[in-house]
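The chain contents come next:
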Amino acid sequence: MIEKINNLLKEIKSNFRTDDGINLVWITCNDMGTFRGLKKSFNSQNECYNYLMKLKNNL
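Here's what I pulled together on the structure shown here.

About the thresholds
- Residues numbered from 1 in each chain as written.
- Predicted model: local features only at pLDDT ≥ 70, side-chain atom pairs only at ≥ 80, totals over all residues.
- Heavy atoms only, no water.
- Phe/Tyr/Trp six-rings, centres within 6.5 Å; stacked < 30°, edge-to-face > 60°.
- Helix = DSSP H or I, 4+ residues; strand = E, 2+ residues; numbered from the N terminus.
- Lys NZ or Arg CZ within 6 Å of the ring centre and 35° of its normal.
- Buried < 20%, exposed > 50% of the residue type's maximum accessible area, 1.4 Å probe, protein only.
- Arc of directions from axis to C-beta.
- Core = buried A, V, L, I, M, F, W, Y, C linked by side-chain atoms within 4.5 Å.

**Description of the packing of aromatic side chains**
Next up, step 1: Counted by the stated rule, this structure contains two aromatic pairs.
Next up, step 2: Ring geometry for F16 and W26: centres 5.5 Å apart, planes at 70°, overall edge-to-face. Of this pair, F16 sits in the loop between α1 (2-11) and β1 (23-29) while W26 sits in strand β1, and the two are 10 residues apart along the sequence.
Next up, step 3: In this arrangement the basic side chain of K4 is found over the ring face of Y49, its NZ or CZ atom lying 4.9 Å from the centre.
Next up, step 4: One residue, K40, lies across the ring of Y51, its end atom 5.1 Å from the ring centre.

See below:
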């Protein structure tokens, strides 16, 4: 399921990725070496996948 979620994220051209299928994380680094991250969490991998499918269908 994690691979399906990451593939869907790539398909919708998102910079977010997941390691566990529950937390979507986007971490970036600026020129000064400061890291900033965004995170969206779900209760399950299925909830995450369904959220992304709805997002894809609305693009």
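There is more to say after this.
**Quick word on α1**
Next up, step 1: Those residues of α1 that fall on the buried side of the exposure criterion are I5, N6, L8 and L9. Buried residues of α1, seen end-on, are gathered within an arc of 160° and therefore sit on one face of the element.

**Some words on the nonpolar core**
Buried together is how nonpolar side chains tend to be arranged in soluble globular proteins.
Next up, step 1: Residues I5, L8, L9, I12, L24, F42, C48 and L52 constitute the largest nonpolar core, which totals eight residues.
Next up, step 2: For this core, the elements supplying multiple residues, two or more each, are α1 and α2 (45-57).
Next up, step 3: Broken down by element, this core gets its largest block of residues, three residues, from α1.

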